Amino acid sequence: MTGVQTCALPILAQGVGKKTIIAGLDAGSTQTRVKIIDKESQNINKTYIIPSMVQRVPDMRELKPKSDIIYDRMDTAITNLTMNPDPVFNNVRLIRGRKTVDNNFPELRIQSSVKKTDEEVFYLNIIDALGYAIAFNYSDEVPTEVDVYAGVALPPDDMISSKLINKFRAKILGQYKWMHNDSGISILINIKDVVASTEPEAFAQAYYVLSGVPMPERVIMVNTGGRSTGLELLENGKTVTEISKTLKYGGRQFLLDLNNKIIQSENNTIENIMSEDVLSKAVKKGYVKRKIGRASCRERVS
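Remember, it's a predicted structure, so these values are computed and weren't measured experimentally.

S.K.: Teacher, can you tell me more about the overall build of the protein here?
M.R.: Helices and strands together make up the secondary structure of the protein, namely seven helices and 16 strands. Taking all 302 residues of the protein together, the buried fraction comes to 44%. Sequence separation of at least 24 residues holds for 64% of the intrachain contacts in the protein that already meet a minimum separation of 6. With the model as given, the accessible surface of the protein reaches about 15,700 Å², and the carbon-plus-sulfur share is 52%.

Structure representation (structure tokens):
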């Protein structure tokens, strides 16, 4: 969620009612974001964010949280009730945040730079993010059941044909039971309908709607993510499909390439592997801090 590292876990109270929401989702390789609109109030609530990297826990063993902050208590169970004969997943327990640091279960990350809809973790992140967003949005009285009409942003190459879009819809539509293990809160999530748009198109449309500025006749949108960059041309608000493209390069891969160059220039030692946070600061500042002096990365960045 926004400010997940510092916010205390709110007191979640299980309600008994049913809600209907519209949800906008962007499931990236680094973060998964959800924006909720309640059908009754029509209020557009804040953006809820969870880390996209997740670990799958094979059983229901106790994993004690380090503290009461949300980041330390990201532990959920999801049951697939869609009745799909070929489900993307069945029953899973997922941990994120601090619990992934304190434990060593197999990691799940979005690996593809082009087609996310072929990956199990993409669907897990959508359902899990919806569960967290609903629970925190209605924390005083968390509904037991929610009908969801979703809009999902996809890489352009996931939308090059109606066959791919229909395949994605068939995989995601249906009912799921989501439970937050540390609080015991559970929600039946019914995904009733899904509308998909490309990531750059979604960002362009949202920008002009929220800014109140009329969209020009032609708009070129470049959307850089962690593993890919989406390119889109909109004419009169509509996508020109011949231009839609997903480039297999993004911010996260740039940092990995930078780290590899630094390792190669410093005798290929494993000790030179740096975190993404350190690399991001290096790109901004132009140098990498070392125990003795500063190693410049300006040449490598350029």
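Let's pick the thread back up.
S.K.: Whenever I open this one, the pattern of salt bridges confuses me. Can you help?
M.R.: Once the charged atoms of two side chains with opposite charge are near each other, the side chains can pair. What the rule picks out here adds up to 17 salt bridges. The salt bridge involving Lys 18 is made with Glu 145; its shortest N-O contact spans 3.9 Å. Note that Lys 18 is positioned in strand β1 (residues 18-27) and Glu 145 in strand β8 (residues 145-154), a separation of 127 residues in sequence. On the basis of relative accessibility, which here comes to 23%, the residue Glu 145 falls in the partly exposed class. The residue Lys 99 makes a salt bridge to Asp 75 at a minimum N-O spacing of 2.9 Å.

S.K.: Mind showing me how you'd approach the packing of aromatic side chains here?
M.R.: The relative placement of two aromatic rings is captured by the distance of their centres and the angle of their planes. In this structure the tally under the stated criterion is six aromatic pairs. With a centroid separation of 6.1 Å and an interplanar angle of 50°, the aromatic rings of Phe 122 and Phe 168 are classed as tilted. Here the residue Phe 122 occupies a position in helix α2 (residues 120-137), and Phe 168 occupies one in helix α3 (residues 162-172), the gap between them amounting to 46 residues. As far as burial versus exposure is concerned, Phe 122 and Phe 168 are alike and both buried. Ring-pair connections join several aromatic residues into one group, and the members of that group are Phe 122, Tyr 123 and Phe 168.

S.K.: Where do I start with the sheet that holds strand β2 (residues 31-38) in this structure?
M.R.: Through backbone hydrogen bonds, the strands of a sheet pair up, either in parallel or in antiparallel fashion. Sheet architecture is open: 10 strands sit in the order β3-β2-β1-β8-β10-β9-β5-β6-β4-β7, paired in mixed fashion. The sheet is open, and its two edges are formed by β3 (44-51) and β7 (107-108), each paired on a single side. Contacts from α2 reach β1, β2, β3, β4 (54-57), β5 (75-80), β6 (91-95), β7, β8, β9 (174-180) and β10 (185-198), with the element oriented near 120° to β10. Helix α4 (residues 199-211) rests against β1, β8 and β10 of the sheet, and its axis sits at about 95° to β10.

S.K.: Please explain the pairing of β4 as it appears in this structure.
M.R.: Relative to β7, β4 is paired through two bridges, and the arrangement is antiparallel. Paired with Gln 55 across the two strands is Glu 107, which belongs to β7. In this structure, β4 lies alongside β6, joined through three bridges in antiparallel fashion. By the bridge assignment, Arg 56 is partnered in β6 with Leu 94.

S.K.: Which parts of the structure should I look at to understand α4?
M.R.: Helical geometry note: an α-helix holds 3.6 residues per turn, so side chains three or four residues apart project in the same direction. With 13 residues, α4 should cover 18 Å at 1.5 Å per step; its first-to-last C-alpha distance of 18 Å lies within 8% of that length. Along α4, the residues classified as buried are Glu 199, Pro 200, Glu 201, Ala 204 and Tyr 208. Contacts from the buried residues of α4 go to β1, β8, β10, β11 (218-224), β12 (229-235) and β13 (238-239). In the stretch just after α4, Gly 212 is the one whose phi turns positive, near 75°.

S.K.: In this structure, what is going on with the side chain of Ser 139? I would like to understand it.
M.R.: Relative to the elements of secondary structure, Ser 139 occurs in the loop between α2 and β8. Here Ser 139 falls in the buried class, since its relative accessible area comes to 16%. Once you skip the residues sitting within four places of it in the chain, Ser 139 turns out to touch Ile 11, Leu 12 and Ala 13.

S.K.: What am I meant to see in unusual backbone geometry here?
M.R.: Peptide bonds are trans in most cases, and residues, glycine excluded, mostly fall at negative phi. If you check the backbone angles, Met 83 has positive phi at about 65° while not being a glycine. Position of Met 83 relative to the elements: it lies in the loop between β5 and β6. Looking at Met 83, the relative accessible area reads 76%, which means it is exposed.

S.K.: Before we go on, may I ask you to explain the packing of α2 against α3 in this structure?
M.R.: Angle between the axes and distance between the axes: these two values describe a pair of packed helices. The geometry of α2 relative to α3 is characterised by a closest axis approach of 11 Å and an angle of 55° between their N-to-C directions. Considering the angle they form, α2 stands oblique to α3. α2 and α3 meet at a crossing whose hand is right-handed. Facing Phe 122, Tyr 123, Ile 126 and Ile 127 of α2, the residues of α3 in contact are Phe 168, Lys 171 and Ile 172.

Thresholds, definitions, all that
Residues numbered from 1 in each chain as written. Predicted model: local features only at pLDDT ≥ 70, side-chain atom pairs only at ≥ 80, totals over all residues. Heavy atoms only, no water. Helix = DSSP H or I, 4+ residues; strand = E, 2+ residues; numbered from the N terminus. Buried < 20%, exposed > 50% of the residue type's maximum accessible area, 1.4 Å probe, protein only. Contact = heavy atoms within 4.5 Å. Areas by Shrake-Rupley, 256 points an atom, 1.4 Å probe, with all protein chains shown as cover. Salt bridge = Lys/Arg side-chain N within 4 Å of Asp/Glu carboxyl O. Phe/Tyr/Trp six-rings, centres within 6.5 Å; stacked < 30°, edge-to-face > 60°. Pairing = 2+ DSSP bridges. Axes fitted to C-alpha atoms, helices over the stretch in contact; angles between N-to-C directions. Expected span 1.5 Å × (residues − 1). Parallel < 35°, antiparallel > 145°, perpendicular 65-115°, else oblique. Left-handed = near helix turned anticlockwise from the far one by under 90°.

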